[in-house]
Each structure stands twice: as structure tokens, then as C-alpha cells.
Amino acid sequence: MHETRLYLPPSMNSLVVGTRKDTLLQFLPKQGFLLIDDGPLIDQIEARSREFDPLKHSFNPLHKIDHRRARDLARILYAADPGGDTTLTTRNGRRALARLLLTATSLDTIHGDTKDPGEAEAQALLDNVLFSPVVRSVLCEPANFALTGTILARLNRAELGDEDCYVMGNLLASLYRGTVVIPDLGFYAHPGHRTLIRQDRLIAGVNSLDELPEFRSQLLTITRKEGSHCTWRDAEELAGYAGLRPDPARVNNEYNRFVDAAIA
């Protein structure tokens, strides 16, 4: 594994399709990365790193915020809400939240105008996010964790809950400037991850390509991708993107070997 890593570019989009996520470890860059995981992969990391503990650490997502960051943050917070962002009310609320974020110093100091429908919607969404004592502590207490170097963010969904992990994980990813590693992109995915792909700094795993139909075409544009205990259908699609074609006359051809390896 270490020998393979030496030949990889320092930062390059990579995708693993299937349920065996430890295959991602071969793609980790040497100069630093952020890994967001429930824990099993973190326990296998040997690189010098710091571990982000949501019960001890905090960061301010509004530090040096600009209009782009404000929109990204509003999009993440609304994506975490079960109500989604497809209605006119939530779209107005998301725009209002971005404006409020741009002028605030901390999330818990934001107080929208209850007479403005957009701001009232944004305030309700923010109150829901900060209802969690863990999230409130991580995002509103004085910052004590720098988002630099190699960071292992152990966000255990069984212990912390899905919504809390989604918010914290995606805010960490949005603020980190290097390569972001998300073994379970099927859970954390939101539109902002398309930016990570365009910037060539996403290493991700999905259980199946069907898990993210809205991301499928863009994920398949990633040059470095492989199957690891994936479905037969995904293995065949990956083989096609690798330039291989089935040849029924040759049972042990390269196409079959590729598909068998991806499923194994």
C-alpha cells in the first residue's frame, strides 16, 4: 500500500465504489488531508495527524466569511434539514440566512426579523440546528481547533446522530483547504461537493452508484476510480469507463478480470 501511494499525485480526485472502504487508504495524499469517518478507517491511519473530537473541540464557521462562504454555509444548513430546499419559502429562507451569516460573528448571535418571512424561516432553521448541545458547542464556543494539516474527524453517527454529524462534517469539509476524504459520500453528499470535484480535491466512497443518482455522471468523470466489493452492475460500468469491453469468446479476458476484482 505504501509503495502504491508514492506514485500517486499529491492531490487528485479518487472514487471507490463498493462496501469495502479501506481501499480509499491507498489514495491518501502525503501532504495532508481531512478524513470524515465514523471511526473504522481512522483507526487504520498511521500518518501524523490530529483528531477532531466534537465533544472537546470547536471552530467558528463565520471566521473571515465572505459572500461565497455565506451562501455555501446556508446551503449546507438547509441541506441538513429534512424539509429540504425545494419550496419558495425555504429558498427565500436560504437567501435570508446567507445575508444574516455575512454580518454575524457567531451563529448564536443571529436574530432574524420575525416580521420578514425569509428571515423568520432562516431563524427557525438555525434554531433547529443549534438545538443540539453538541453542535452548539462545536460551532459557537470560542474556536480551539485549527483546520490545517492532517485532520481525522471521528463523527460516530451511532453516538451523535445523523443530523449532527451531517452538519459538522460538511462544515468541516467546506472550511478545509486541502484534500477532503469522505468514505460515505452517500450520506454526506450535498451540491457543494461538486466544487470539490472541480477543484480536484475529493476522495470519496459510495456503496453504489445508484446511491447518488444526481451525482452519478460527475462522479464517473473522476479518472482514478475502482470497485471494491461493489455490485455486478457497477463493476461493469466501471469496466466500460476503463476502456474494457466484454469478449464472450475469451472467458479469462481483461474485462472479466476487472469485473471479478471489483466485485471481490
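Quick caveat: nothing in here was measured; it's all calculated off a predicted structure. Residue positions are counted from 1 within each chain, in the order its sequence is given. pLDDT decides what is reported in this predicted model: residues at 70 or higher carry local features, side-chain atom pairs at 80 or more are listed and counted, and totals for whole chains, interfaces and linings draw on all residues regardless. With hydrogens and water set aside, each side-chain value is computed from the structure's full complement of heavy atoms.

Q: Report on the confidence of the model for the chain, specifying residues and quantitative values.
A: Confidence per residue, as judged by the predictor, is encoded in pLDDT with a range of 0 to 100. For the chain, the average pLDDT comes to 90, and 92% of its residues sit at 70 or higher. For helices the rule is a DSSP run of H or I covering at least 4 residues; for strands it is a run of E covering at least 2, with both sets numbered from the N terminus onward. At the level of individual helices and strands, the chain shows its lowest average pLDDT in helix α1 (residues 2-6), which scores 40, and its highest in helix α5 (residues 133-140), which scores 98. Long-range and interchain partners of residues 1-8, a stretch whose pLDDT sits below 50, account for 11 contacts in this model, where long-range means more than four residues apart. In this description, contact between two residues means that some pair of their heavy atoms is separated by no more than 4.5 Å.

Q: How would you explain the pairing of strand β5 (residues 179-182) if you had to name every residue and give the values?
A: Residue exposure (1.4 Å probe, protein chains only): buried if accessible area is under 20% of the type maximum, exposed if over 50%, otherwise partly exposed. Burial along β5 is two-sided: Thr-179 and Val-181 and Val-180 and Ile-182, pointing in opposite directions, are all buried. In short, DSSP must find at least two bridges between two strands for them to pair. Judged from the 3 bridges that link them, strand β2 (residues 33-37) and β5 form a sheet pairing that is parallel. Residue Leu-34 lies in a different strand from β5, and its bridge partner there is Val-180. Bridging between β5 and strand β6 (residues 202-206) involves 3 bridges; their strand directions are parallel. From the neighbouring strand, Ile-182 faces β6, where its bridge partner is Ala-204.

Q: Kindly report on the pattern of salt bridges, identifying the contributing residues and their values.
A: Every case where a carboxyl oxygen of Asp or Glu lies within 4 Å of a side-chain nitrogen of Lys or Arg is listed as a salt bridge. Going through the model one piece at a time under the given rule, you end up with 9 salt bridges. Measuring nitrogen to oxygen at the nearest pair gives 3.2 Å for the salt bridge that ties Asp-210 to Arg-233. Taken as a pair, Asp-210 in the loop between β6 and α10 (216-219) and Arg-233 in helix α11 (residues 232-241) lie far apart in primary sequence, 23 residues in all. Between Arg-216 and Glu-237 there is a salt bridge, and its shortest N-O distance comes to 2.4 Å. Note that Arg-216 is positioned in helix α10 and Glu-237 in helix α11, a separation of 21 residues in sequence. Connected via shared salt-bridge partners are Asp-210, Arg-216, Arg-233 and Glu-237.

Q: Summarise the packing of aromatic side chains; cite the residues concerned and give the values.
A: For any pair of aromatic rings, geometry is given as the distance between the ring centres together with the angle between the planes. Aromatic rings from Phe, Tyr and Trp, taking only the six-membered ring of Trp, are treated as a pair when their centres fall within 6.5 Å; an angle between ring planes under 30 degrees marks them as stacked, one over 60 as edge-to-face, and anything in between as tilted. Applying the stated criterion to the full structure yields 5 aromatic pairs. Here Phe-187 and Tyr-188 contribute two aromatic rings whose centre-to-centre distance is 4.7 Å and whose plane-to-plane angle is 85°, an arrangement assigned as edge-to-face. Neither residue differs from the other here; Phe-187 and Tyr-188 are each classed as buried. A network of ring pairs unites the aromatic residues Phe-52, Phe-59 and Phe-145 as a single cluster. Here the guanidinium or amino end of Arg-50 rests over the ring plane of Phe-145, the centre of that ring lying 4.4 Å away. A ring is scored as having a charge over it whenever the NZ atom of a lysine or the CZ atom of an arginine sits within 6 Å of its centre and within 35 degrees of its normal.

Q: Provide a residue-level description of the sheet that holds strand β1 (residues 14-17), including the pertinent values.
A: The strand order across the open sheet built from 7 strands is β3-β4-β2-β5-β6-β1-β7, with neighbouring strands paired in parallel fashion. Each end of this open sheet is capped by a strand with a single partner; those strands are β3 (50-52) and β7 (224-227). Adjacent strand axes in the sheet meet at a mean angle of 15° when their direction is disregarded. To get an axis, fit a line to the C-alpha atoms, keeping to the stretch in contact for a helix; angles then go from 0 to 180 degrees between the N-to-C directions.

Q: Got a sec to walk through α5? Specific residues and values, please.
A: Side chains of residues three or four places apart in an α-helix project in the same direction, reflecting 3.6 residues per turn. Among the residues making up α5, those that are buried are Val-134, Val-135, Val-138, Leu-139 and Cys-140. Those residues of α5 hidden inside the fold are in contact with β3, α4 (117-129), α6 (157-160) and α7 (162-175).

Q: Go over the state of the cysteines, please, and point to the residues and values.
A: Our working definition of a disulfide is a cysteine sulfur pair at a distance within 2.5 Å. Scanning the entire structure with this criterion turns up 0 disulfides. Cys-140 supplies the cysteine sulfur nearest to Cys-165, a cysteine that is in no disulfide, at a spacing of 17 Å. Judged by its relative accessible area of 0%, Cys-165 falls in the buried class.

Q: Give me the lowdown on the pairing of β6, citing residues and values where you can.
A: Each regular strand shows side chains that alternate between the opposite faces of the sheet. Most of β6 is tucked away: 5 of the 5 residues are buried. On β6, burial covers both faces: Leu-202, Ala-204 and Val-206 on one face and Ile-203 and Gly-205 on the other are all buried. Of the pairings in the sheet, the one linking β1 to β6 comprises 4 bridges and is parallel in character. The residue bridging Val-16 from the neighbouring strand is Gly-205, located in β6.

Q: I'd love a proper account of the packing of helix α2 (residues 67-79) against α7, names of residues and values included.
A: At a minimum axis separation of 9 Å, α2 and α7 run at an interaxial angle of 160°. Of the possible angle classes, the one that applies to α2 and α7 is roughly antiparallel. In this structure, α2 crosses over α7, and the sense of that crossing is right-handed. Every residue of α7 that contacts α2 at Arg-69, Leu-73, Ile-76, Leu-77 and Ala-79 is listed here: Tyr-166, Val-167, Asn-170, Leu-171, Ser-174 and Leu-175. A class-by-class count of the residues in the contact of α2 with α7 yields 8 nonpolar, 2 polar and 1 charged. With respect to orientation, any angle under 35 degrees is reported as roughly parallel, any angle over 145 as roughly antiparallel, any angle of 65 to 115 as roughly perpendicular, and every other angle as oblique. Here is the rule for handedness: rotate from the far helix to the near one, and if that takes an anticlockwise turn smaller than a right angle the crossing is left-handed, while a clockwise turn gives right-handed. Three classes are used: nonpolar for Ala, Val, Leu, Ile, Met, Phe, Trp, Tyr, Cys and Pro, charged for Asp, Glu, Lys and Arg, and polar for all others, with Gly counted as polar.

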